[in-house]
2 protein chains.
Amino acid sequence: MSKLMIVGTVAYDAIETPFGKTDKILGGSAPYIGLAASQFDIDSAIVSIVGDDMNREYLNMLATKNIDVSSIEIVKGGKTFFWSGKYHNDLNSRDTLDTQLNTLADFNPIVPENYKDSEVVMLGNLHPNIQLSVINQMNKRPKLIVLDTMNFWMNHTWDELMNVISKVDVITINDEEARQMTEEYSLVKAAQKIHQLGPDYVVIKKGEHGALLFNNGNVFFAPALPLEEVFDPTGAGDTFAGGFAGYLTKTDDFSFENMKNAIIHGSNLASFCVEKFGTKRMQNLKKTEIFARLQQFKELTQFEIELS
Amino acid sequence: MSKLMIVGTVAYDAIETPFGKTDKILGGSAPYIGLAASQFDIDSAIVSIVGDDMNREYLNMLATKNIDVSSIEIVKGGKTFFWSGKYHNDLNSRDTLDTQLNTLADFNPIVPENYKDSEVVMLGNLHPNIQLSVINQMNKRPKLIVLDTMNFWMNHTWDELMNVISKVDVITINDEEARQMTEEYSLVKAAQKIHQLGPDYVVIKKGEHGALLFNNGNVFFAPALPLEEVFDPTGAGDTFAGGFAGYLTKTDDFSFENMKNAIIHGSNLASFCVEKFGTKRMQNLKKTEIFARLQQFKELTQFEIELS
């Protein structure tokens, strides 16, 4: 069975949306990535760090999804990375109310021996040097390395970011960040410039407006499923990335054609993620629900047109 | 041959974009609608009004595309409706610099006898009473009435707008306007409410983010083609609507399945419109170019996923 190695944050989030608010719940990129990828019945492991205030039930929940959590370091007496945010009424923007790095400040990822030969590596949004360290610990070049990042690292660790980007196959980045990174408004031109930084595949996430996959001359687009209600957008991007990486790990086919399917699977899973607070919906997601919604994706986008 | 009856403005536009500026050129909704629809080799007529400052070469150009321009009233001594606007750097927003209604202020549309039995009527963005007047002049119920509108009429002529909307089959409206009309942020919910106002089909235009077609429970989405350069967005929405209405007129099939194709054709034509100032690109568009780009639309959106 192919293996997926995930590095990312495991956090406590306190979230407020127009529909309600949560106390500290499980958050961070890695749980969303892991839960999405676990839908494909693969072997996966999370490398991360938490304090011993982390509720073990959360880690057990991940373990029941066949996610190896033994490399989530638990720091005695330490506190878990904490993020608190409040979404605006349109759910398209949010204010960060509080960020406490806590144990994350000293995160030094250790890839477990049995995952050093993983076929796929998913580098969640983290300091680029941490992402680089994971790549360097692999004992053979993975078939696919996927990197997620954000504007914070562009603003503060540009050189380190450029270094790690040069070593990956796929970058996932949102539209505003792609524009910031390249100083190009056109996403086609932005993707061209990002290709030149290293990645053969550039995935530009546009939130409720879907996602674009660029592979040099080729382009593919997946919409977000139009939803009646978006309850909590937290984790949608990570769920998308986890579905993308998980599907590719499972199928072991890294062609552009198969990446289209991976983009659709990622978008599909993200459409569930936003229906409840935090990881709740992803914890209780049935295969029948997933396939029913994939059918909706087909109906949403597929057409039969005469090309003559 | 099926007939398409178009009512809309014929105007002079002065446009400034980050790439240049124009003196007065042909603008208004009707030329864009007509030029897009003319790609489908149908009979069409424009009902509109201009001053005698309108350059006859523009009208002749439309006539050479098999668009009947004999019902574009030319007011002696009158001046043509004038709009001037400047686009911001991202081309997603613009400032109106000047609007002079001129002859448009007294527009009283007269549908020509031989178009009173048109299969399809396209009501370009105008005062809702003018749109209504056109419907009332038809001597049989058209198979399809498509209406375009904008926030100005919501703000100033709400009751009249609701009246005409109740009589049409399809409304095209942009996302912000759909939200304003219904006070619903979710476009799914907004479309549901608009259905209740009358139209069985609701097309929500999202500009560079594509377009959604709702038909009660059914949804279809067409992306905008990702372009390296958008030169001038003026007329893209009207070109989209013209392509949509023109394709449906040609095929005489008003099913949801065929409307998907119409949406794709409209999006495809709009992707050309924005490549040059005003109507220039649409005046010189070859069938081979259109079909090549339809192929790009297929590649952009079509996927083969196993649903099991």
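Above this note sits the structure.
This structure is a prediction, so every number in the text was calculated from the model and none was measured.

(A) Fine view of the side chain of Ser29(B). Structurally, Ser29(B) is set in helix α1 (residues 29-37). Leaving out residues up to four positions away in the same chain, Ser29(B) has contacts with Gly8(B), Thr9(B), Gly124(B), Asn125(B) and Asp238(B).

(B) Expanded view of the packing of helix α3 (residues 128-137) of chain A against helix α5 (residues 158-165) of chain A. All names here are of chain A. For the pair α3 and α5, interaxial distance at closest approach is 8 Å and the crossing angle is 30°. Taken together, the axes of α3 and α5 are roughly parallel relative to one another. Both α3 and α5 take part in a crossing whose hand is left-handed. On α5, the residues touching Pro128, Asn129, Gln131, Leu132 and Ile135 of α3 are Glu160, Leu161, Asn163 and Val164. Partitioned by chemical class, the residues of the contact of α3 with α5 number five nonpolar, three polar and one charged.

(C) Region of the structure containing the relation of the copies chain B and chain A. Once chain B is rotated about the relating axis by 180° and shifted along it by 0.0 Å, it coincides with chain A to within an RMSD of 0.0 Å. Here the copies are linked by what is in effect a two-fold axis. The share of interface residues of chain B whose copies in chain A are also at the interface is 100%, consistent with both copies meeting through the same surface.

(D) Molecular detail of the pairing of strand β5 (residues 43-51) of chain A. All names here are of chain A. Of all the nine residues making up β5, eight are buried; the element is thus mostly covered by neighbouring parts of the structure. Across five bridges, strand β1 (residues 3-7) lies against β5 in parallel orientation. If you follow Leu4 over to β5, its bridge partner there is Ser44. Handedness of the β-α-β unit built from β5, helix α2 (residues 56-64) and strand β6 (residues 67-68) comes out right-handed. The pairing of β5 with strand β7 (residues 72-75) spans four bridges and is classified as parallel. The residue of β7 that forms the bridge with Ile49 is Glu73.

Cut-off values and rules
- Residue numbers run consecutively from 1 along every chain, following the written order of its sequence.
- Chains and ligands are labelled sequentially in the order written, the chains with letters from A and the ligands with numbers from 1.
- A pLDDT threshold of at least 70 governs which residues receive local features in this predicted model, and a stricter bar of 80 or more applies before side-chain atom pairs are shown or counted, although totals over entire chains, interfaces and linings include all residues.
- In computing side-chain properties, one takes all heavy atoms of the structure into account and sets aside hydrogens as well as water.
- We count a stretch as a helix when DSSP gives it H or I for four or more residues in a row; a strand needs E for two or more, and each element gets its number in order from the N terminus.
- The contact definition used throughout considers only heavy atoms, calling two residues in contact when any of these lie within 4.5 Å.
- To obtain an axis, a line is fitted to C-alpha atoms, over the contacting stretch when the element is a helix, and the angle between two such axes runs from 0 to 180 degrees between their N-to-C directions.
- For classification, angles of less than 35 degrees are called roughly parallel, those exceeding 145 degrees roughly antiparallel, those between 65 and 115 degrees roughly perpendicular, and all remaining angles oblique.
- Left-handed describes a crossing whose near helix is turned anticlockwise from the far helix by less than a right angle; the clockwise case is right-handed.
- We call Asp, Glu, Lys and Arg charged. Ala, Val, Leu, Ile, Met, Phe, Trp, Tyr, Cys and Pro are nonpolar, and the rest, Gly among them, are polar.
- Residues reaching a pLDDT of at least 70 in both copies supply the C-alpha atoms on which the copies are superposed by least squares.
- Three labels apply to residues, based on accessible area from a 1.4 Å probe with only protein chains included: buried if under 20% of the type maximum, exposed if over 50%, partly exposed otherwise in between.
- Only strands joined by at least two bridges in the DSSP assignment are considered to pair.
- When the strands point away from the viewer and the connection leading from the first strand across the helix to the second strand turns clockwise, the crossover is called right-handed.

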